Amino acid sequence: MSFLTHLECAACGRRLDPDRPWQLCPACDHPLLARYDLALLGRRIPLGNLERRPPGLWRYRELLPLREPARAVSLGEGATALLQVPRLAERMGVPGLLVKDEGTLPTGTFKARGAAVGVSRAVELGVRTLALPTAGNAGAAWAAYGARAGLEVVVVMPETTPSVIRREAAACGADVYLVPGSIADAAAVVRDGCRRHGWYDASTLQEPYRIEGKKTMGFELVDQLGWRLPDVIVYPTGGGVGLIGMWKGFQELRALGWLPASSPLPRFVAAQSAGCAPVVRAFASHAERTQPWEDPATFAAGLRVPKPLGDFLILRALRESAGTAVAVPDETIAATMELAGATEGMVVCPEGAAALAAAERLRRDGWITDDQTVAVFNTGTGLLYEDSLPGRAPRGLRAGEGLPSPDAWAARGLRGIGGGGRELPT
Ligand SMILES: *Cc1c(COP(=O)(O)O)cnc(C)c1O
Ligand SMILES: [Zn+2]
């Protein structure tokens, strides 16, 4: 059964019937959030019940909005690994580092969580065609889950979106359109299409259920930590839905008593690229909203969001959790991708690398201390970003040419971890 009771406007508090396909609050145009009867849930479902279920997104189904979880649209969203990364932690100087690696989810990113729940709920609400603007990965995920549910999906993305991601969405049968500019320009196209064709607008926070899927990142994290919170969560922030979702989810767990009501929330860190850092700028200037970032430019496509719709919620989560926001230059993101691959065999996405680099910076500045548990989200696999993958180009061997002799091999000084060398000796 579902414990969903109503939708509530995040700004004006208006309550709405959750079984109608709402978009933004009809009174004030702000995002709607799903609310549950947590008191009843707490009486009916002991935590022990959950722990007997297989790990994965649907383990937390009572805290999700589906009326019939048995009919969920699923591609097998298993729990993602929470990895200790000792070599990387040592190189970065962050002893308490843990990486939650979302790259193993269907479609290759955590966007699968939002799409699994969002599409499932859209089906329950009778939606036939949904449309969304995307920096890339959300389009691929909604295309995949939409296909799985038999829905029509229209995706509009910037023409600079990495090609594998564009083709991933197309491979799932979506109508994919490319526009010049950023996700903000794609959003204008989608708004117009929704108005003219009656499509359901599945943009970030324009429908209330994507965030419900994303909050399961936080549930899974505390579950894997033995129902304890980490001290710090570093999250690569574009639209900020994952961050807001986890913040909302932790409050639900506290209200249920599954986390002690007295336990302080983790300090949330929003990591952004220096090429598009509206949240960092607003946080630093004590503003409640962001100002649109002019000419957003970064190869971390998921962070190229010039003005997040939920900015006031992101900033509130950062401040209420005594968190912060950090901008990382693209060169540092690239170097961190290389370091994660070489030290741990993790091909992280640029967004995840930005979060890792932010943790490193905060440790260096003393904001993070050695005894703190620091959970960093790698939100997707780097394999989607073919043109940005680090590492030396493999060396071709001509016919008849063998590998270097043992002497030459020894002399060329193979790079060891900690060596820091980058060039292959000729
Ligand atoms: C979308 C995306 C982000 C940003 O996610 P939000 O929750 O919208 O801030 C980060 N990383 C990747 C790989 C993404 O696709
Ligand atoms: Zn409102």
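The structure this text deals with has already been given above.
Read on for a plain summary of the structure. All values derive from a computational prediction rather than experimental measurement.

### Quick notes on the sheet that holds strand 7 (residues 152-158)
Next up, step 1: Spatial strand order, 8-7-6-9: 4 strands in an open sheet with parallel pairing. Of all the strands in the sheet, just strand 8 (175-179) and strand 9 (200-201) have a single pairing partner and so form its edges.
Next up, step 2: Across 5 bridges, strand 7 lies against strand 8 in parallel orientation. Along strand 8, the bridge assignment pairs P158 with V179.
Next up, step 3: Relative to strand 8, helix 6 (residues 163-171) is tilted by about 150°, and along the sheet it contacts strand 7 and strand 8.

### A few points about the site of ligand 1
Next up, step 1: The environment of ligand 1 is made up of 17 residues, and the closest members are K111, Y235, G238, G240 and T379.
Next up, step 2: Within the backbone of G239, an N or O atom sits 3.1 Å from an oxygen atom of ligand 1.
Next up, step 3: If ligand 1 stood free it would expose 380 Å²; the protein chains cover 96% of that surface.
Next up, step 4: The cavity that encloses ligand 1 is the largest pocket.
Next up, step 5: Listed by contribution, the elements that provide at least two residues to the shell around ligand 1 are strand 10 (232-236) and helix 10 (241-256).

### What about the layout of surface pockets?
Next up, step 1: Taken as a whole, the largest pocket holds about 640 Å³ of empty space.
Next up, step 2: Forming the boundary of the largest pocket are 39 residues, of which P133, I183, T204, G239 and V305 lie nearest the centre.
Next up, step 3: Counting residues per element, the ones that place at least two in the lining of the largest pocket are helix 5 (137-149), helix 7 (183-197), helix 8 (210-214), strand 10 and helix 10.
Next up, step 4: Each residue belonging to the lining of the largest pocket can be placed in one class, and the counts come to 19 nonpolar, 14 polar and 6 charged.

### Some points on the sheet that holds strand 3 (residues 32-36)
Next up, step 1: Pairing is antiparallel in the open sheet, where 3 strands are placed in the order 2-1-3. Each edge of the open sheet is held by one strand with a lone partner, namely strand 2 (15-16) and strand 3.
Next up, step 2: Taken together, the 5 bridges between strand 1 (residues 4-9) and strand 3 define a ladder with antiparallel strand orientation. Paired with H6 across the strands is R35, a residue of strand 3.

### Focus on the coordination of the zinc ion (ligand 2)
A metal bound by six donors in octahedral fashion has ideal angles of 90 or 180 degrees, whereas one bound by four tetrahedral donors has an ideal angle of 109.5 degrees.
Next up, step 1: Within the protein, the atoms that donate to the zinc ion (ligand 2) are C9 (SG), C12 (SG), C25 (SG) and C28 (SG), at distances of 2.3 to 2.4 Å.
Next up, step 2: As a motif over one chain, the donors of the zinc ion (ligand 2) read C-x2-C-x12-C-x2-C. Of this pair, C12 sits in the loop between strand 1 and strand 2 while C25 sits in the loop between strand 2 and strand 3, placing them 13 residues apart in sequence.
Next up, step 3: By relative accessible area, C25 is classed as buried at 1%.

### Some details on the pairing of strand 12 (residues 324-328)
Next up, step 1: Among the 5 residues of strand 12, 5 are classified as buried, and the element is accordingly described as predominantly covered.
Next up, step 2: The side-chain alternation of strand 12 yields two buried faces, one formed by T324, V326 and V328 and the other by A325 and A327.
Next up, step 3: The pairing of strand 11 (residues 267-273) with strand 12 spans 5 bridges and is parallel. By the bridge assignment, Q272 is partnered in strand 12 with A327.

### Regarding the pattern of salt bridges
Next up, step 1: Enumeration over the complete set of coordinates arrives at 21 salt bridges.
Next up, step 2: Between K248 and E212 there is a salt bridge whose closest N-O contact spans 2.8 Å. Highlighted residues: K248 in helix 10 and E212 in helix 8, separated in sequence by 36 residues.
Next up, step 3: A residue is classified by how much of its surface remains accessible, and K248, at 5% relative accessible area, is buried.
Next up, step 4: Given the relative accessible area of 0%, E212 is considered buried.
Next up, step 5: Between R363 and D370 there is a salt bridge; the shortest N-O distance is 2.7 Å.
Next up, step 6: A residue is classified by how much of its surface remains accessible, and R363, at 21% relative accessible area, is partly exposed.
Next up, step 7: Looking at D370, the relative accessible area reads 44%, which means it is partly exposed.
Next up, step 8: Counted as one network, the salt bridges with shared partners bring together D19, R67, R121 and E124.

Rules and cut-offs
Residues numbered from 1 in each chain as written. Chains lettered and ligands numbered in written order. Predicted model: local features only at pLDDT ≥ 70, side-chain atom pairs only at ≥ 80, totals over all residues. Heavy atoms only, no water. Pairing = 2+ DSSP bridges. Helix = DSSP H or I, 4+ residues; strand = E, 2+ residues; numbered from the N terminus. Contact = heavy atoms within 4.5 Å. Axes fitted to C-alpha atoms, helices over the stretch in contact; angles between N-to-C directions. Near = heavy atom within 4 Å. Polar contact = N/O pair within 3.5 Å; in protein donor to acceptor, adjacent residues only side chain to side chain. Areas by Shrake-Rupley, 256 points an atom, 1.4 Å probe, with all protein chains shown as cover. 1 Å grid on protein atoms, 1.4 Å probe; cavity = no way out; pocket = protein on both sides within 12 Å on 5 of 7 lines; lining within 4 Å. Sits in = over half its atoms within 2 Å of the grid points. Points joined across faces, edges and corners; volume = space filled by probe spheres on them. Nonpolar A, V, L, I, M, F, W, Y, C, P; charged D, E, K, R; others polar. Donors = N, O, S within 2.8 Å, 3.2 Å for Na, K, Ca; no water. Buried < 20%, exposed > 50% of the residue type's maximum accessible area, 1.4 Å probe, protein only. Salt bridge = Lys/Arg side-chain N within 4 Å of Asp/Glu carboxyl O.

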